[in-house]
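Structure assessment
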Amino acid sequence: LREYVRDDDVDAAIQQLLHSFLSAQKFSVRRSLRKSFGKFLNTGNDRAHLLLHILQEMFRNEQMYQIIRLRQRNASEDLAETLEVQLDELEGKARERRIYDLADFLESDAFAEAGYVLDERR
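Given the structure is predicted, the values throughout are model-derived calculations rather than measurements. (Residues numbered from 1 in each chain as written. Predicted model: local features only at pLDDT ≥ 70, side-chain atom pairs only at ≥ 80, totals over all residues. Heavy atoms only, no water.)

With 89% of its residues at a pLDDT of at least 70, the chain reaches an overall mean of 83. In the model of the chain, helix α3 (residues 38–41) stands out as the element of lowest mean pLDDT, 71, in contrast to helix α5 (residues 87–96), which has the highest, 91. (pLDDT = per-residue confidence, 0-100. Helix = DSSP H or I, 4+ residues; strand = E, 2+ residues; numbered from the N terminus.)

For the structure shown, the criterion picks out three aromatic pairs. On the basis of an interplanar angle of 75 degrees and a centroid distance of 5.4 Å, the ring pair of Phe105 and Phe111 is categorised as edge-to-face. Assessed through its relative accessible area of 5%, Phe105 is described here as buried. With centroids separated by 5.7 Å and ring planes inclined at 35 degrees, the aromatic side chains of Phe111 and Tyr116 adopt a geometry described as tilted. When sorted by exposure, Phe111 lands in the same class as Tyr116, which is buried. Following the ring pairs from residue to residue traces out a cluster consisting of Phe59, Phe105, Phe111 and Tyr116. (Phe/Tyr/Trp six-rings, centres within 6.5 Å; stacked < 30°, edge-to-face > 60°. Buried < 20%, exposed > 50% of the residue type's maximum accessible area, 1.4 Å probe, protein only.)

Below, the structure is given as C-alpha cells:
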C-alpha cells in the first residue's frame, strides 16, 4: 500500500463503483446509464491507445535518429538496426500523463498487435 492516493487509484475506484451500480439496475435502464457514464468506464482502453501513441512517437524519433546517424556515416539506410526504446523512457513519458502502471499495457493484445516486443533481458 502507498501512503498517498494517485489519480489512477481514484479512477479505478470510480470505475468499480459505476460497474457495481450499473449491474444492480434493470437491463433497460442499464443501457442508457452505461451510455451516459461511458467515458468513466473505458479508461483502460483510453490509456492503452494513449500509450500506443506515445510508443509510436518514441519509435518514430528513434528511427529518425538512426537514419541521421547512418547518413552522417555515409552508410546505407538499409543497414539500420532493430529499433529499440528504453522502458524507463516510456515509463517516464507515461508518468507525465499520470499513468503509473504499464504492466497491463505491455501484456495487452494491442501492444502485441502493433508489432512491439518487450525484451526483458535488456
